[in-house]
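Structural characterization, general
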Amino acid sequence: MIRFSPLARSARAALLSIPAALGLVSFALAQPFDAADLDVARELREQALASDLAYEITADLTTRVGNRLAGSENDARAVEWAVEMFESMGFDRVWTEPATFPYWTRETERVSIVAPTEQELVAIALGFSPATPDGGVEAEVVMFDDLDDFEAASPDSVEGRIVFIRSRMERARDGSGYGPAVQKRARGSVVGAEKGAAAVVIRSVGTSTDRFAHTGMMRFTAGSRLVPAAAISNPDADQLERLMTGDAAVRMRVEIEASVNETYTSRNVIAQIDGAADPESIDAPIVAIGAHLDSWDVGTGALDDAAGVGIVTAAARLIMEHADEHGARPDRSIQVILFAAEEIGLWGGRAWADAHGDEVERYLVASESDFGAGRIYAMTARVADEAMPVIEAIQAELAPLGVESVERGGGAGPDFTPMLARGLAAVRLRQDGSKYFDYHHTENDTLDKVDPEAMKQNVAAFAVFTWLAAQSPVGFGSGPELLD
Ligand code: ZN
Ligand code: ZN
């Protein structure tokens, strides 16, 4: 598990343990990092706080490419953009790896109330929604409080009708309102098909009162039947709820044009800073940081996840610049992985885990930035017991940035999840997501929502974490010991 432990470090750790064993050092845990490595971490922290690079990268991707739905022409443009961007920055290695998936194309959607009065609603089809028959479907509306309520309903009360699920998402710094609220989006269409619904319409999974609807993926398997499904904006959902509590029957029309297409092959785009250990060696260890390159087909995918692309790329670039200036490589290699097709089913992350699963031990630790650009306030670590002093020492260097605490557990972000199941060590730098779900998966996720100052703090935290992880005197654990 501990695959990289230079002699000098082991000797130093042994020396530190002697006074501790004698009871001579009782005031604190031994600092696991060399003083020189801590100095570099602190320099990186200050340099990041003074750098606009992450914002510039985010602006460039969202402006020159725009939104980047997996399988679209802009998906290919984004891959080309990422390769050029990494190469222009002078990373030691830049390459791509394939990820193949079925993809979905949105044409149009229209959701309207047709009785008791005619009203057009702000709506967006959910990812992989089938099309409605020509002219759309029109039917009486039946409303449910949440997915559980809908699942408990008798098919008789649903058959042939348009189902409306009204549960609301709670705003929270840690984004914890998303899990419960997203159930209706994930499963509503499948349950609708089982019960014979004509279509499913949900209140947007989002926290804004703006009139933007939030799209997102549905969860289904290859054999699942789906019915056309769309989300309406929160104010439109309020309006529909008020009508539904009145005396008159409410009828709606849903028209969706969309298609599910045969397979497309996109690319994960990877850049590497070679570490001091022979990077050609199969045993050369790697610290991996990532983000996803794709987005939904609305807005410009600025918070989700161009911001993450900017944050992790800028952090790695700062480390590389520092290494070049001082002629000193990080001990371990550092990879920046920009994943393909996260939004429509973690296809890039799954392809990466398939391609690299048998070398999980090479990956010391991984962390993804995929929660917008809000300030980082805490961290989580899914690592072996013996790595916790190292994690705590990293958190101490992040504390001046406002990273207040570290907890055991958690993951590394969505795209590393398939590899987590193989025992990848994981750290998450937890961002303030209070506003993230105001814009998430909407036309309103645009560059102006990215706070450049908060972004600098993110880069500083990623640079410090990534550098110190690459210099850690111990590994972080991997394999069965980290499985639940
Ligand atoms: Zn994302
Ligand atoms: Zn997303």
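Conventions and cut-offs
Residues numbered from 1 in each chain as written. Chains lettered and ligands numbered in written order. Predicted model: local features only at pLDDT ≥ 70, side-chain atom pairs only at ≥ 80, totals over all residues. Heavy atoms only, no water. Donors = N, O, S within 2.8 Å, 3.2 Å for Na, K, Ca; no water. Tetrahedral: all angles 85-135°; square planar, octahedral: opposite > 155°, others 65-115°. Helix = DSSP H or I, 4+ residues; strand = E, 2+ residues; numbered from the N terminus. Buried < 20%, exposed > 50% of the residue type's maximum accessible area, 1.4 Å probe, protein only. Pairing = 2+ DSSP bridges. Salt bridge = Lys/Arg side-chain N within 4 Å of Asp/Glu carboxyl O. Phe/Tyr/Trp six-rings, centres within 6.5 Å; stacked < 30°, edge-to-face > 60°. Lys NZ or Arg CZ within 6 Å of the ring centre and 35° of its normal. Domains from an automatic or database assignment. Contact = heavy atoms within 4.5 Å. Buried area = accessible area lost by both parts, 1.4 Å probe. Polar contact = N/O pair within 3.5 Å; in protein donor to acceptor, adjacent residues only side chain to side chain. Patch = residues over 30% accessible without salt bridge, like charges linked within 9 Å, V, L, I, M, F, W, Y side chains within 5 Å. Areas by Shrake-Rupley, 256 points an atom, 1.4 Å probe, with all protein chains shown as cover. Lys, Arg positive; Asp, Glu negative; His and termini not counted. Charge placed at Lys NZ, Arg CZ, Asp CG, Glu CD.

1. Observations concerning the coordination of the zinc ion (ligand 2)
Taken together, D304 (OD), E343 (OE), E343 (OE) and H441 (NE2) make up the protein donors of the zinc ion (ligand 2), found 1.9 to 2.4 Å from the metal. Each of the four donor atoms around the zinc ion (ligand 2) contributes to a set of angles spanning 57 to 141°, which defines the coordination as irregular. Linear spacing of the donor residues for the zinc ion (ligand 2) on their chain is D-x38-E-x97-H. Separating the zinc ion (ligand 2) and the zinc ion (ligand 1) is a distance of 3.4 Å, and D304 donates to both of them. With D304 in helix α8 (residues 302-326) and H441 in the loop between α12 (436-439) and α13 (452-470), this pair connects stretches of sequence that are 137 residues apart. Judged by relative accessible area, D304 falls into the buried class, the value being 4%. Here H441 falls in the buried class, since its relative accessible area comes to 5%.

2. Details of the pairing of strand β11 (residues 363-368)
Within β11, six of the six residues are buried, which leaves it mostly tucked inside the rest of the structure. Here strand β9 (residues 286-292) pairs with β11 via five bridges, running parallel. Its bridge partner lying in β11, A288 is registered against A366.

3. Details of the pairing of strand β8 (residues 251-273)
Note that strand β1 (residues 93-115) and β8 share 21 bridges and pair antiparallel. Following the sheet pairing, W95 is matched in β8 by I270. Note that strand β4 (residues 137-144) and β8 share four bridges and pair antiparallel. Residue pairing for β8: V137 is matched across the bridge by V254. With five bridges joining them, β8 and strand β10 (residues 333-339) adopt antiparallel strand pairing. If you follow A271 over to β10, its bridge partner there is V336.

4. Describing the coordination of the zinc ion (ligand 1)
The zinc ion (ligand 1) binds to the protein through H292 (NE2), D304 (OD), D370 (OD) and D370 (OD); the donor distances cover 2.0 to 2.5 Å. Here the zinc ion (ligand 1) binds four donor atoms, and the angle range of 55 to 149° at the metal identifies the geometry as irregular. All donors of the zinc ion (ligand 1) come from a single chain, and their spacing in sequence reads H-x11-D-x65-D.

5. Things to note about the pattern of salt bridges
One pass over the full model with this rule turns up 29 salt bridges. A salt bridge links R106 to D297, with the nearest nitrogen and oxygen atoms 2.7 Å apart. With R106 in strand β1 and D297 in the loop between β9 and α8, this residue pair connects regions lying 191 residues apart in the sequence. The same class applies to R106 and to D297, which are both buried. Here D354 ties to R422 by a salt bridge, and the two come within 3.5 Å at their closest N and O atoms. You can see D354 sitting in helix α9 (residues 347-356) and its partner R422 sitting in the loop between α11 (417-420) and β14 (426-431), a full 68 residues away along the chain. Assessed through its relative accessible area of 60%, D354 is described here as exposed. Given a relative accessible area of 36%, R422 falls into the partly exposed group. Among the ionic contacts, a cluster of salt bridges with common partners joins D145, R166, R168, R203, D238 and E241.

6. Regarding the packing of aromatic side chains
The full count for this structure, using the stated rule, is 15 aromatic pairs. With 6.5 Å between their ring centres and 20° between their planes, W104 and F128 make a pair best called stacked. Of this pair, W104 sits in strand β1 while F128 sits in the loop between β3 (123-125) and β4; the two residues are 24 residues apart in sequence, bridging distant segments of the chain. In textbook terms, an aromatic cluster arises when at least three aromatic residues are bridged by ring pairs, as seen for F101, Y103, Y264 and W347. The ring of Y377 is capped by R173, whose NZ or CZ atom sits 3.5 Å from the centre of that ring.

7. Here's the deal with the domain arrangement of the protein
What the domain assignment reports for the protein is domain 1 (6-92 + 274-482) and domain 2 (104-261). Between domain 1 and domain 2, the C-alpha centre-to-centre distance is 36 Å. Listed by partner, the interface residues are 22 residues for domain 1 and 23 residues for domain 2. Each partner contributes to the roughly 1800 Å² buried at the junction of domain 1 and domain 2, and carbon and sulfur atoms together form 57% of this total. The largest contributions to the domain 1 side of the interface with domain 2 come from W296, F437 and D438, which together make up 30% of the buried area. The tally of links from domain 1 across to domain 2 stands at three salt bridges. Among the salt bridges present, the one from D438 reaches R171, with a minimum N-O distance of 3.0 Å. Linking domain 1 with domain 2 are nine residue pairs in polar contact (both at pLDDT 80 or more). In terms of residue count, α12 provides more of the side of domain 1 that touches domain 2 than any other element does, three residues in total.

8. Here's the deal with a negative patch on the surface
On the surface, D146, D148, D149, E151 and E194 cluster together into a negatively charged patch. The dominant element in the negative patch, judged by the number of residues it contributes, is helix α5 (residues 147-152), at three residues. In this structure, D148 sits in helix α5. Residue D148 is classed as exposed on the basis of its relative accessible area of 56%.

9. Focus on the side chain of D370
Inspection of the secondary structure assignment puts D370 in the loop between β11 and β12 (376-382). Here D370 occupies a buried position and makes no salt bridge, while the nearest side chain of opposite charge, R428, is found at 5.6 Å. Engagement of the side chain of D370 in a polar contact is seen with the side chain of H292, the distance being 3.2 Å. Residues in contact with D370, not counting those within four places in the same chain, are H292, D304, D305, E342, P414, R428, Q431 and Y436.

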